[in-house]
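Coordinate analysis (summary)
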Amino acid sequence: MATPTGPVPDRAEPLPAAVAHIVVMGVSGAGKSTVARAIAERTGALFLDADDLHPPANRRKLGAGEPLTDLDRGPWLDAVRDRMRQREREGARTGPDPGVVVACSALRRAYRDVLRDVDRPVFFVGLGADPELLAARLAARRGHFASHRILESQLATLESLGPDEDGITCPIALPVEEIADRALAALRKDRRR
Ligand SMILES: Nc1ncnc2c1ncn2[C@@H]1O[C@H](COP(=O)(O)OP(=O)(O)O)[C@@H](O)[C@H]1O
Ligand SMILES: O=C(O)[C@H](O)[C@@H](O)[C@H](O)[C@H](O)COP(=O)(O)O
């Protein structure tokens, strides 16, 4: 579930008021949750792991290594978008807030269109696809409900960020803090344009 990242640390790097949401996207094992959490800690934004909003049927499928269909994904993506909208409403009541940093695979452009249907700009941080590194990370990952067997279908489904989509794509071999640095620098540049 969405978890406030706690008091804004001294080194917080608040985002411009007009920027609210960041979605860290990519295939299973790319580092979405790890990178999104790091960005949220640095900006004081709310961290939301889209994996926490899957209904039990989706979790069962992913656990069995069965890829989700568009029908499975529809209500889940709506729930993620609704959580972003809820945050906007909360922000309107309590004053400016730094939005949400979401970890969500958002593999296809059509899925990203659902997440863009909110009141604030959405900046995507794409994590690149490096099949060998991904397989190694998933083999080492413990305690996650999704099976490593979904990787192949995820790679086949992935539509990388288009040039007309707001965002940046980073290589996943970089250290987490370096990816966060690049993402935040690109976001600030983007908002100044
Ligand atoms: N940039 C990185 N460098 C090294 N290891 C990473 C990096 N990003 C993530 N990891 C590790 O890879 C695994 C998968 O990361 P995770 O955040 O769960 O990916 P995702 O949310 O995309 O499925 C975890 O064990 C995590 O600690
Ligand atoms: O952290 C992970 O391993 C992934 O995020 C994984 O849980 C899965 O990819 C999606 O949540 C399912 O949705 P998609 O099939 O649309 O990626």
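Residues numbered from 1 in each chain as written. Chains lettered and ligands numbered in written order. Predicted model: local features only at pLDDT ≥ 70, side-chain atom pairs only at ≥ 80, totals over all residues. Heavy atoms only, no water.

1. A closer look at the packing of aromatic side chains
The description of an aromatic ring pair uses the distance of the two centres, along with the angle that the planes make with each other. Test applied: Centre distance within 6.5 Å is the pairing criterion for rings of Phe, Tyr and Trp, where only the six-membered ring of Trp is used; planes under 30 degrees apart are then read as stacked, over 60 as edge-to-face, and the remainder as tilted. Charge-over-ring contacts are defined here by two conditions on Lys NZ or Arg CZ: a distance within 6 Å of the ring centre and an angle within 35 degrees of the ring normal.
The final tally for this structure, using the stated rule, is 0 aromatic pairs. Over the ring of phenylalanine 145 we find arginine 59, and its NZ or CZ is 4.1 Å from the ring centre.

2. Quick notes on the sheet that holds strand S2 (residues 46-49)
What counts, and what does not: Any two strands between which DSSP finds at least two bridges are classified as paired. In this description a helix means any DSSP run of H or I spanning at least four residues, a strand means any run of E spanning at least two, and both kinds are numbered starting from the N terminus. A fitted line through C-alpha atoms serves as each axis, taken over the contacting stretch for helices, and the angle formed by two N-to-C directions is quoted from 0 to 180°. Contact definition: two residues touch when any of their heavy atoms are within 4.5 Å.
Strand order in the open sheet formed by 5 strands is S2-S3-S1-S4-S5, and the pairing between neighbours is parallel. A strand with exactly one partner marks an edge of an open sheet, and here the two such strands are S2 and strand S5 (167-170). Across this sheet, the average inter-strand angle for adjacent strands is 15°, counted without regard to direction. Here strand S1 (residues 21-25) runs beside strand S3 (residues 100-103); their pairing, made up of 3 bridges, is parallel. Looking at the pairing, valine 24 lines up with alanine 103 of S3. Strand contacts of helix H1 (residues 32-43): S1, S2, S3 and strand S4 (122-127), with the helix running at about 170° to S3, the strand carrying the most contacts.

3. Considering the environment of histidine 148
To keep things clear, this is the line we draw: Summary of the burial criterion: residues with accessible area below 20% of their type's maximum are buried, those above 50% are exposed, and those between are partly exposed, where the area comes from a 1.4 Å probe applied to protein chains only.
Structurally, histidine 148 is set in the loop between helix H5 (131-140) and helix H6 (151-157). Take histidine 148: its relative accessible area is 51%, and that puts it in the exposed class. A C-alpha to C-alpha distance of 9.4 Å links histidine 148 and leucine 134, two positions 14 residues apart in sequence.

4. With respect to the confidence of the model for the protein chain
The test is simple: What pLDDT reports is the predictor's confidence in each residue, on a scale of 0 through 100.
Residue-level pLDDT values for the protein chain average 90, and 90% of them are 70 or greater. Helix H7 (residues 176-192) is the least confidently modelled element of the protein chain, averaging 91 in pLDDT, while helix H4 (residues 109-116) averages 98, the highest of any element. For residues 1-9, every residue scores under 50 in pLDDT, and the model assigns this stretch 16 contacts once sequence neighbours within four places are set aside.

5. Points about the site of ligand 1
To keep it simple, the criterion reads: Whether a residue is near a molecule or strand is decided by its heavy atoms; if any one of them lies within 4 Å of it, the residue is near. Distance and chemistry together define a polar contact, namely a pair of N or O atoms within 3.5 Å, with one atom able to donate a hydrogen and the other to accept it when in protein, and with adjacent residues in sequence counting only for side-chain atoms on both sides. The method behind every accessible area is Shrake-Rupley, applied with a 1.4 Å probe, and residues are considered shielded solely by the protein chains displayed. The distinction between a cavity and a pocket rests on a 1 Å grid over the protein atoms alone: a 1.4 Å probe fits inside a cavity but cannot get out, while a pocket stays open yet meets protein on both sides within 12 Å along at least five of seven lines, and a residue with an atom within 4 Å of a point counts as lining. More than half of a molecule's atoms lying within 2 Å of a cavity's or pocket's grid points is what places that molecule inside it.
Neighbouring residues of ligand 1: 14 residues in total, closest Gly29, Lys32, Thr34, Arg141 and Leu174. At a separation of 3.0 Å, an oxygen atom of ligand 1 approaches a polar backbone atom of glycine 31. Between arginine 137 and ligand 1, the recorded distance is 3.2 Å, taken from a side-chain N or O atom to a nitrogen atom. Contact with the protein chains hides 74% of the accessible area of ligand 1, taken as 560 Å² for the molecule alone. The pocket occupied by ligand 1, as judged from atoms lying within 2 Å of grid points, is the largest pocket. Sorting the residues of the shell around ligand 1 by element identifies H1 and H7 as the ones contributing at least two each. At 3 residues, H1 tops the list of elements feeding residues into the shell around ligand 1.

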